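Spelled out, the chains give:
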Amino acid sequence: MGSVSIGKSVNQAGAADGSLPLARLLAIAYRQLITDLHAELAEQGWGELRPAYGFALLTLRPGPLPGSELGAALGMTKQASSKLVDALVAAGYVRRLTSRGDARVRPVELTERGQALLVASEDIYHSLEGQWAAIIGPDRLAALREDLVAVVSQADGELPPVRPLW
């Protein structure tokens, strides 16, 4: 896992008083986790993966969606969503289904390979979180998780969908 040294580089990235905005710290932590995830996935033989793949696969985990709904869930145009689905189909992570009612609607679903990639990713995330726990302690990691869930939960207590920031 990469590391940020506390000192000059943090102060240069932070405010004049040396404090670092929480949004920046969360962005750095997220980027570090994604970078480490992709490095480990590549080492495991998953090949070239774009972060957008993960968002799409997570969105499809509950079940098939028409490509247009997938794009809407990800905040993408129909054209961009179609290109993403084409790339995911070519890589074997999803397949297009045929709709019984409307031939123009082509739902997209995860393949076994796509499901396996999600499992591999979650195993790697678990390992990365273990590295964080080794640094800050398992109790503080659990508290961090609880605090983040409390902050980002919606009024109904549900977590919002995971979406990329395009």
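Throughout what follows, the structure given in this document is the object of discussion. A quick note: this is a predicted structure, and the numbers were derived from the prediction, not measured.

Each helix and strand counted, the protein has 7 helices and 3 strands in total. Along its sequence from the N terminus, the protein presents helices and strands in the succession α-α-α-β-α-α-β-β-α-α. Split into buried and exposed, the 166 residues of the protein put 29% on the buried side. In the protein, of all internal contacts separated by at least 6 residues, the share reaching a separation of at least 24 is 52%. Of the accessible surface of the protein, which amounts to about 10900 Å², a share of 57% is contributed by carbon and sulfur atoms.

This part takes up the environment of I124. Looking at the secondary structure, you find I124 in helix α6 (residues 112-136). Look at I124 and you get buried, because its relative accessible area is 5%. In this view, I124 contacts L37, E40, L41 and Q44; residues no more than four positions away in its chain are not counted.

Next up on the list: the pattern of salt bridges. The full count for this structure, using the stated rule, is 4 salt bridges. We note a salt bridge from R96 to D86, for which the minimum N-O separation is 2.5 Å. Here R96 is found in strand β2 (residues 94-96), whereas its partner D86 is found in helix α5 (residues 78-90), with 10 residues between them in sequence. Taking relative accessible area as the criterion, R96 reaches 29% and is therefore assigned partly exposed. By relative accessible area, D86 is classed as partly exposed at 39%. Across the pair R95 and E109 runs a salt bridge whose closest N-O atoms are separated by 2.8 Å. Placement of the pair is R95 in strand β2 and E109 in strand β3 (residues 107-110), with a sequence separation of 14 residues.

Pairing of strand β1 (residues 65-66) with β3, which is carried by 2 bridges, proceeds in the antiparallel orientation. In the strand pairing of β3, L65 is matched with V108. In terms of strand pairing, β2 meets β3 through 3 bridges, oriented antiparallel. Bridge pairing in β3 links R95 to E109.

Looking now at the sheet that holds β1. Pairing is antiparallel in the open sheet, where 3 strands are placed in the order β1-β3-β2. Across the chains shown, the open sheet's two edge strands, defined by having one partner strand only, are β1 and β2. Each of β2 and β3 is contacted by α5, which is oriented at about 115° to β2, the strand it contacts most.

In this section: the packing of helix α3 (residues 51-60) against α5. Packing of α3 against α5 brings their axes to within 11 Å, and their N-to-C directions diverge by 90°. Comparing their axes, α5 and α3 come out roughly perpendicular. When α3 is examined against α5, the residues A52, Y53, A56 and L57 are found in contact with a partner set consisting of L84, A87 and L88. Of the residues in the contact of α3 with α5, the class split is 7 nonpolar, no polar and no charged.

Moving on to the packing of aromatic side chains. The geometry of an aromatic ring pair comes down to the distance between the two centres and the angle between the two planes. Scanning the model with the defined rule gives 2 aromatic pairs in all. Between W46 and Y93, the ring centres sit 6.3 Å apart and the planes meet at 35°, which makes this aromatic pair tilted. One end of the pair, W46, is in the loop between α2 (22-43) and α3; the other, Y93, is in the loop between α5 and β2, and 47 residues separate them in sequence. Looking at Y93, the relative accessible area reads 1%, which means it is buried. Taking 6.3 Å as the distance between ring centres and 55° as the angle between the ring planes, the aromatic pair formed by Y53 and Y93 counts as tilted. One end of the pair, Y53, is in helix α3; the other, Y93, is in the loop between α5 and β2, with 40 residues separating them in the sequence.

Cut-off values and rules
- Residues numbered from 1 in each chain as written.
- Predicted model: local features only at pLDDT ≥ 70, side-chain atom pairs only at ≥ 80, totals over all residues.
- Heavy atoms only, no water.
- Helix = DSSP H or I, 4+ residues; strand = E, 2+ residues; numbered from the N terminus.
- Buried < 20%, exposed > 50% of the residue type's maximum accessible area, 1.4 Å probe, protein only.
- Contact = heavy atoms within 4.5 Å.
- Areas by Shrake-Rupley, 256 points an atom, 1.4 Å probe, with all protein chains shown as cover.
- Salt bridge = Lys/Arg side-chain N within 4 Å of Asp/Glu carboxyl O.
- Pairing = 2+ DSSP bridges.
- Axes fitted to C-alpha atoms, helices over the stretch in contact; angles between N-to-C directions.
- Parallel < 35°, antiparallel > 145°, perpendicular 65-115°, else oblique.
- Nonpolar A, V, L, I, M, F, W, Y, C, P; charged D, E, K, R; others polar.
- Phe/Tyr/Trp six-rings, centres within 6.5 Å; stacked < 30°, edge-to-face > 60°.

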